[in-house]
Amino acid sequence: MSSILNIIVVLLPAILRLALCYMVLRDKRVQETAMAWVLLMLFVPLVGFVLYLIFGKDYRTVKARNYIHGEARRRLNEEITPEAAGLLFPDGIPEDGLEESFRPLASLNRACGDGNRLYVGNKMEVISSGARKKELLMEDIRNARHSVHLEYFRFGNDASGREVRDLLIEKARQGVEVRFLLNSFVARRIPRKFWKPMEEARIEVVRYTSISQGLPLFIMRLNCQQHRKIVVIDGRIAYTGGMNVSDNYFNVWHDTHLRIEGPAVARLQASFLDTWISCKGSVEKPLGDYFQPVRPLEGGKTIQIVTDEADFPWPTTQMAYEWMLGNARKYVYFQTPYFVPPASFLLALKTAALRGVDVRVMLPRNVDTPILGPFNRGYYTECLEAGVRIIESEGEFNHSKTMVADDYLSVVGATNLDVRSFTINNEVNSFIYDRETAVGFRKAFEDLMDGATEWTLESWLGSRTLKEIIVSSFVRLFYREF
């Protein structure tokens, strides 16, 4: 008997290691880095297993999706009348309001996520000034009568953040329901005394990642950032885009945001409530009370609200951008503050440029976090070699995340051109199918180029130091997984 036990004691760790290695090799998300995970499992299995659950495991499964979103979807189905649902969540792709050549893109977005519906007849303002966003947002909150829902990645403990906070407290004391969803990682830097007045005013403040939501969800979200910027007021007005709330966003940095009225607001409201309920936020009223069915406005914009989460079946925005690069006829222009593209997206950029499409990527010369500069520049050489035009904007930090293509499609959102935004974080983007809007975005991009630096391959290679080459190569390898 003792000899059998000895054999078990000897074999059990080896069996455990092999089982962990098998689990890694079956995970489609880590195929490119599978050997690194296998070695980790073999030499430090316990540590490797914990790190794999947080950083490596693919949670894009039906089981994970149902576990996280099941309650919100059940309530939406049960608490919204069929008549309202028909207006709020239209099926299919409308016959009008969308050019034929872009219908496959709208269908792709729709197939990747059940909520990515297409809404015609929206009133929309493109906001390119933080001061303008603050002016509009504060006025709309002041006029709120029923509910204000906010979901932000960053919320500053500064003059701008306190001003918005104090207005929310005022509205809550007037009887308006205020719900605030925070990014847990960023919010940890803000002292509790900042939030206490909100809680005293009966504003529910919920963190995206919390152990109180249960251990499985806590583990799944440890490496996932809630990166969306959404405000929905009375179910009638919505804000979304790249701007958070702080002095930098309102007074200093360049960024792009949208204010929307019309049918598309329902999608942003549904997205907020879905995430809120998954984070164990309370909603005592029927969910139908938070939607205002509205008829499409004559001559309004066609908008498709596209959301991404780490448990959704597909990396929707990455796939949509790659489709656009593969089907563009004239040009595709991107603005992004961070540029660490997945291999397939990088290949799509180069392929589009090599077949004659005018592909431009605009990044800030001055990045908000110094280490991110080498991250961005690690990809310049191969882009320039393929004919992708790389432009660095001067002056204050440009935080815009936009895309415009062929004078028809414009995208404004929270997604950076990097691995985390495409595959890990919670993101939301507005796809706008409209010629007038696209021409405006193209001209705004070209105006920014007037004061920017455009690199040629020769000037870029001649400017690099050995230190920069080594640092860029190192961070490029490190960042791809984490």
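These numbers come from a predicted model, not from an experiment.

## Here's the deal with the overall build of the protein chain
The helix and strand tally for the protein chain stands at 21 helices and 17 strands. Looking at the protein chain residue by residue over its 482 residues, the buried ones come to 56%. Here the contacts in the protein chain between residues at least 6 apart in sequence split such that 79% fall between residues at least 24 apart. Carbon and sulfur atoms form 58% of the exposed surface of the protein chain, whose accessible area is close to 21000 Å².

## Some remarks on the environment of His 399
Among the structural elements, His 399 can be located in the loop between β12 (389–393) and β13 (402–405). Along the primary structure His 399 and Leu 363 are separated by 36 residues, whereas in three dimensions their C-alpha atoms are 8.7 Å apart. Not counting residues within four places of it along the chain, the set of residues in contact with His 399 comprises Gly 242, Asn 244, Tyr 249, His 254, Asp 255, Pro 337 and Tyr 338. At 2.7 Å, the side chain of His 399 forms a polar contact with the side chain of Asp 255.

## Details of the pattern of salt bridges
One pass over the full model with this rule turns up 29 salt bridges. The residue Arg 236 makes a salt bridge to Asp 234 at a minimum N-O spacing of 3.9 Å. The class for Asp 234 is buried, based on a relative accessible area of 5%. Linking Arg 442 and Glu 446 is a salt bridge whose minimum nitrogen-to-oxygen distance equals 3.5 Å. Here Arg 442 pairs with Glu 446, and both are found in helix α19 (residues 435–449), just four residues apart, close to one helical turn. Since its relative accessible area comes to 18%, Arg 442 is described here as buried. In the salt-bridge network here, residues are joined through shared partners; they are Lys 123, Asp 140, Arg 259 and Glu 261.

## Topic: the pairing of β12
Most of β12 is tucked away, with four of its five residues classed as buried. Two strands pair when backbone bridges link them, and strand β11 (residues 358–364) and β12 are joined in this way by five bridges, in the parallel orientation. Residue pairing in the sheet places Met 362 in a bridge with Ile 391 of β12. Direction of pairing for β12 relative to strand β17 (residues 453–455): antiparallel, over a ladder of three bridges. Within β17, the residue paired with Ile 391 across the bridge is Glu 454.

## A few points about unusual backbone geometry
The backbone of Arg 202 shows a phi angle near 70°, a positive value even though the residue is not glycine. Along the polypeptide, Arg 202 turns up in the loop between α10 (192–200) and β4 (204–207).

## Some thoughts on a nonpolar patch on the surface
Taken together, the side chains of Val 44, Val 47 and Leu 51 present a nonpolar region at the surface, about 210 Å² in accessible area. Along the chain, Val 44 turns up in the loop between α2 (34–43) and α3 (45–56). Overall, Val 44 belongs to the partly exposed group, its relative accessible area being 37%.

## Section: the packing of helix α14 (residues 316–327) against helix α15 (residues 343–354)
It is the contact of α14 with α15, at a shortest axis distance of 9 Å, that shows an interaxial angle of 15°. Our classification of the angle between α14 and α15 gives roughly parallel. Pair α14 / α15 crosses with left-handed handedness. In this structure, α14 uses Gln 318, Tyr 321, Glu 322 and Leu 325 to contact α15, whose residues at the interface are Ser 344, Phe 345, Ala 348, Leu 349 and Ala 352. Residues belonging to the contact of α14 with α15 are distributed by class as follows: six nonpolar, two polar and one charged.

Rules of the game
Residues numbered from 1 in each chain as written. Predicted model: local features only at pLDDT ≥ 70, side-chain atom pairs only at ≥ 80, totals over all residues. Heavy atoms only, no water. Helix = DSSP H or I, 4+ residues; strand = E, 2+ residues; numbered from the N terminus. Buried < 20%, exposed > 50% of the residue type's maximum accessible area, 1.4 Å probe, protein only. Contact = heavy atoms within 4.5 Å. Areas by Shrake-Rupley, 256 points an atom, 1.4 Å probe, with all protein chains shown as cover. Polar contact = N/O pair within 3.5 Å; in protein donor to acceptor, adjacent residues only side chain to side chain. Salt bridge = Lys/Arg side-chain N within 4 Å of Asp/Glu carboxyl O. Pairing = 2+ DSSP bridges. Patch = residues over 30% accessible without salt bridge, like charges linked within 9 Å, V, L, I, M, F, W, Y side chains within 5 Å. Axes fitted to C-alpha atoms, helices over the stretch in contact; angles between N-to-C directions. Parallel < 35°, antiparallel > 145°, perpendicular 65-115°, else oblique. Left-handed = near helix turned anticlockwise from the far one by under 90°. Nonpolar A, V, L, I, M, F, W, Y, C, P; charged D, E, K, R; others polar.

Just distances and angles here, no functional claims.
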